[in-house]
Amino acid sequence: MLGPVPGVRTALPGPRSRQLLDRQAARESNARSYPRRLPIAIKRGQGAFLQDEDDNVFIDFLNAAGALALGHGHAELVAAVQRQVAELTQALDFPTAAKDEFTTKLLGILPEGMRSRARVHFCGPTGANAVEAAVKLCKTATGRGEIVAFQGGFHGMTHAAMALSGESAIRASVPNVMPGVTFFPFAYCHRCPLGLRRDSCSTNCADYLERALHDTHSGMTRPAAVLLEIVQGEGGTVVAPVDFVRRVREVTTRLDIPLVVDEVQTGFGRTGRWFAFEHYGIEPDVVVLSKMMSGIGMPVAAVVYDERLDVWRPGSHTGTFRGNQVAFAAGSTFIDVMCRDEILANVRLRGQQLADRLDLLRREHEGFISDVRCLGLLVGVELGRPDGGPWPEAAALVRREALRRGLILETGGRHDGVVRMLPPLNLDETTADTAMDIFAQAVAAAGTALRSGPGQAP
Ligand code: PMP
């Protein structure tokens, strides 16, 4: 049994981790990423805890990039996986009892208005594949070729998904990405893309999009889709204002442009509702799903869309691994456990607990912590330089200081200046408090170290 308190006994990486990290560095691609920032080799996980190869124990707020909805090794999900593995593992897109049950449960958690008109397409098992499917679907259904995406959005690393994502450095390294994508400003009000002030703005990002879509000389043709990540996760946990999302929905409805909402990171309860769009009182035409869908990290992805878009010909988006029965079986149990244990309520409660603690910390470190953004258990803490700009070195230092004390965190956002937290949805009060204690120590230690550094007083 791991936990209930983390314990780091070695310098990091410990000797056994060091050995595996070195072997990995010698044999795997230079594109490997997480172990560069979090230098550990992982042995096992249980609940919200992770043990490395040197038997150091961490609270895991990275959580397989937010994929493990109920943490590591949830007993009921493990049992569902074991039962299904023995029965049937892959079945292309043939109907099976496991898929049928999961489809019923998936449709059951959609808002009532969408349920009866929804079509489900299970894709290749990644978020990026589902994004590709959504874009292909909308292009096919509308006969149009352009896509509107938003600055700061992230939709995956395949060729088209990357072309739809905002991170410029990665796009720049791959010449000739998919053409026909127009980026519009996303309402990131902490660092307004239009240089406006939050108190005097009336969601001008949506205004700008509306005007461009109506402008006969905007240089665009009517797009096949508007692709929106309502809470930008990798973009730094940027929660869109209600007015922005509603206006994007209004204009897309008015102009008959399918609105695709990427819920890969937010779907299945991360924000305290089953889907982030529910906070906004809108209904998208297409929803992109993956990550937490099985509850325990079994790969699976889907697009759920309005039946009027269902003009695909048979075989329009095939792929070998579209029938992961183990993921379906785990996913059905996951949705059952979510309902039975009222886990959405827990997400809201624990989210508030983290938000309260982080807000206190922000006041204590006014400026250094420049913004705290939480929606349920999707949490971002932005660090600011003394001049107000983003501070990636500070975020990296906080992440390192937290790891040394037994808390695994990720960074992201513009310039990598945001510390991100993606705990399991069934996080308990004590673990949440312990994590916040460690985080407070890490912020204090990073602040002190940076203050004593050359000319960088926080
Ligand atoms: N969309 C969003 C919003 C994501 O957060 C991610 C992954 N972080 C993806 C798409 C891509 O998913 P995958 O890594 O499974 O391809």
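Residues numbered from 1 in each chain as written. Predicted model: local features only at pLDDT ≥ 70, side-chain atom pairs only at ≥ 80, totals over all residues. Heavy atoms only, no water.

(A) Examining the pairing of strand β2 (residues 49-52) more closely. What you see with β2 is no split at all: F49 and Q51 on one side and L50 and D52 on the other are buried throughout. Examined bridge by bridge, strand β1 (residues 42-46) and β2 share four bridges and lie antiparallel to one another. Along β2, the bridge assignment pairs G45 with L50. Taking the residues between adjacent antiparallel strands as the criterion, β1 and β2 are bridged by two residues, where G47 takes a positive phi near 55°. (Buried < 20%, exposed > 50% of the residue type's maximum accessible area, 1.4 Å probe, protein only. Helix = DSSP H or I, 4+ residues; strand = E, 2+ residues; numbered from the N terminus. Pairing = 2+ DSSP bridges.)

(B) Just the environment of A69, in detail. Residue position: A69 is located in the loop between α3 (63-66) and α4 (75-87). Between the alpha carbons of A69 and G389 there is a distance of 33 Å; along the sequence they are 320 residues apart. When sequence neighbours within four positions are dropped, the list of residues in contact with A69 reads M292, G295, F334, P424, L425 and N426. (Contact = heavy atoms within 4.5 Å.)

(C) Main features of helix α13 (residues 343-364). Here α13 is 22 residues long and its end C-alpha atoms lie 31 Å apart, about the 32 Å a rise of 1.5 Å per residue gives. Among all positions of α13, only I343, L344, N346, V347, R350, G351, Q353, L354, A355, L358 and L361 are buried. If you follow the buried residues of α13, they end up packed against α12 (325-340), β13 (369-375), β14 (378-383), β17 (418-421) and α15 (429-451). (Expected span 1.5 Å × (residues − 1).)

(D) Geometry of the site of the ligand. Looking at the ligand, the residues that line it are T126, G127, A128, F154, H155, G156, E229, E234, D262, V264, Q265 and K291. Measuring from a nitrogen atom of the ligand, one finds a backbone N or O atom of F154 at 3.3 Å. The class makeup of the residues in the shell around the ligand is three nonpolar, five polar and four charged. (Near = heavy atom within 4 Å. Polar contact = N/O pair within 3.5 Å; in protein donor to acceptor, adjacent residues only side chain to side chain. Nonpolar A, V, L, I, M, F, W, Y, C, P; charged D, E, K, R; others polar.)

(E) Geometry of the packing of α4 against α12. Where α4 contacts α12, the axes come no closer than 8 Å and their chain directions differ by 150°. Relative to α12, α4 is oriented roughly antiparallel. Of the two possible hands of crossing, α4 and α12 adopt the one that is right-handed. Along its contact with α4, which presents E76, L77, A80, V81, Q84 and V85, the element α12 presents Q325, V326, A329, A330, T333, F334, V337 and R340. In terms of residue class, the contact of α4 with α12 is built from nine nonpolar, three polar and two charged. (Axes fitted to C-alpha atoms, helices over the stretch in contact; angles between N-to-C directions. Parallel < 35°, antiparallel > 145°, perpendicular 65-115°, else oblique. Left-handed = near helix turned anticlockwise from the far one by under 90°.)

(F) Quick peek at the pattern of salt bridges. In this structure the tally under the stated criterion is 32 salt bridges. Between R308 and D306 there is a salt bridge, and its shortest N-O distance comes to 3.8 Å. Judged by relative accessible area, D306 falls into the buried class, the value being 14%. Of the charged contacts, one joins D359 and R363 as a salt bridge, the two residues approaching to 2.9 Å between their closest N and O atoms. A residue pair is termed a helical-turn pair when its members lie 3 or 4 positions apart in one helix, as D359 and R363 do in helix α13 at four residues. Judged by its relative accessible area of 53%, R363 is exposed. What you see here is one network of salt bridges that share partners, running through R117, R249, D285, D306, E307 and R308. (Salt bridge = Lys/Arg side-chain N within 4 Å of Asp/Glu carboxyl O.)

(G) Molecular detail of the pairing of strand β7 (residues 225-228). Burial along β7 is two-sided: A225 and L227 and V226 and L228, pointing in opposite directions, are all buried. As judged from the two bridges shared by strand β5 (residues 147-150) and β7, these two strands associate in the parallel manner. Counterpart to V148 in the pairing with β7 is V226. Pairing analysis gives three bridges linking β7 to strand β10 (residues 259-262), with the strands arranged parallel. Bridge pairing in β10 links L227 to V260.

(H) Layout of the sheet that holds β14. Overall, antiparallel pairing links the four strands, which are arranged β13-β14-β17-β16 in an open sheet. Lying at the two open borders of the sheet, with one neighbouring strand each, are β13 and β16 (410-412). Here the average twist between neighbouring strands, direction ignored, is 25°. Bridge analysis of β16 against β17 gives three bridges, and the strand direction is antiparallel. Opposite G412, over in β17, you have V418 as the bridge partner. Against the sheet, α13 touches β13, β14 and β17, its axis set at about 170° to β13. Its contacts with the sheet put helix α14 (residues 392-405) on β14, β16 and β17, and the angle it makes with β16 is roughly 170°.

(I) Region of the structure containing the nonpolar core. Among the nonpolar cores identified, the biggest contains 104 residues, and F61, I230, F244 and F439 are the most heavily contacted of them. In this structure F244 touches F150, P185, F186, A187, T203, C205, A206 and L228, once residues within four positions along its chain are discounted. In this structure, A160, V260, V286 and L309 belong to the second largest nonpolar core, which totals 31 residues. (Core = buried A, V, L, I, M, F, W, Y, C linked by side-chain atoms within 4.5 Å.)

(J) The arrangement of unusual backbone geometry in detail. Across the junction of L12 and P13, the peptide omega takes the value -5°, indicating a cis bond. Its location among the elements puts P13 in the segment before α1 (15-27). For A64, which is not glycine, the phi dihedral falls at a positive 50°. Locating A64 in the fold gives a position in helix α3. With a phi angle near 50°, E342 is a residue other than glycine that sits in the positive phi range. Relative to the helices and strands, E342 is located in the loop between α12 and α13. Taking the relative accessible area as the measure of exposure, E342 reaches 55% and is therefore exposed.

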